[in-house]
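Architecture and fold: a report
Spelled out, the chains give:
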Amino acid sequence: MKIWIGALGTTANLCRKMSLPCGRAAGKALCLAAAMFFFAGSAWGAKSQAPKPPLSAPASAASCVGCHGEAGLSANSLWPNLAGQKRDYLAKQLKAFRDQDRVDPMMNAIAQSLSDSDIEALTAYYSSLKP
Ligand code: HEC
């Protein structure tokens, strides 16, 4: 919030300096609206372009490495890659394995020991890795 107020103050000064029609209330409002649009746009752009750094592996990932690989890339054509997979999808699958709604003897056994917070950490981690 402070940043916004600061940015708006600076913009109002800028508008005045550039002798834009900011003297009148309507002009000022327009000028500020344009500036807000600009700032919002640039903040949005910066957010969507910045690559997210991969997270570090949670302790519970130690039991996944053997099959799904060190970086979520499996070495076996029957074991799926997890790296870069959608987080909600991974969570849904792990809960389905845990509840036996999805059947695979290996995953059903492993998912038994996962708590909801384990699943949260694991899915955040695997979805952050490069596919
Ligand atoms: C013994 C090997 C093995 C281990 C260990 C293992 N998995 Fe799996 N995992 C599999 C296999 C095999 C499948 C595919 C099951 C199927 O065909 O339905 C799978 C599937 C999955 C899927 C679903 C992927 C998809 O694309 O639908 C997720 C998510 C997953 N595992 C996460 C984990 C996590 C997290 C761990 C560690 C806590 C783990 N696995 C440990 C073998 C393993």
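Further up the page is the structure itself.
Residues numbered from 1 in each chain as written. Predicted model: local features only at pLDDT ≥ 70, side-chain atom pairs only at ≥ 80, totals over all residues.

**A closer look at the site of the ligand**
Around the ligand there are 18 residues in total, and Cys-64, Cys-67, Gln-93, Asp-104 and Met-106 lie nearest to it. For the shell around the ligand, the secondary structure elements donating two or more residues are α3 (65-68), α4 (87-98) and α5 (105-111). (Near = placed C-beta within 6 Å. Helix = DSSP H or I, 4+ residues; strand = E, 2+ residues; numbered from the N terminus.)

**A few points about α4**
Over its twelve residues, α4 extends 17 Å from the first C-alpha to the last, a length consistent with the 16 Å expected when each residue adds 1.5 Å. When α4 is considered as a whole, its buried residues turn out to be Gln-93, Leu-94, Phe-97 and Arg-98. Down the axis of α4, the buried set is contained in an arc of 135°. They therefore lie on one face. Exposed residues lying more than 90 degrees from the buried face of α4 are Asp-88 and Tyr-89. Tucked inside the fold, the buried residues of α4 contact α5 and α6 (116-128). A positive phi of about 65° marks Gln-100, the residue just after α4. (Expected span 1.5 Å × (residues − 1). Buried ≥ 20, exposed ≤ 12 C-beta atoms within 10 Å, placed from the backbone. Arc of directions from axis to C-beta. Contact = placed C-beta atoms within 7 Å.)

**Points about unusual backbone geometry**
Positive phi is not limited to glycine here, since Gln-100 has a value of about 65°. Looking at the element boundaries, Gln-100 is found in the loop between α4 and α5. What makes Gln-100 exposed here is the crowd of 11 C-beta atoms within 10 Å.

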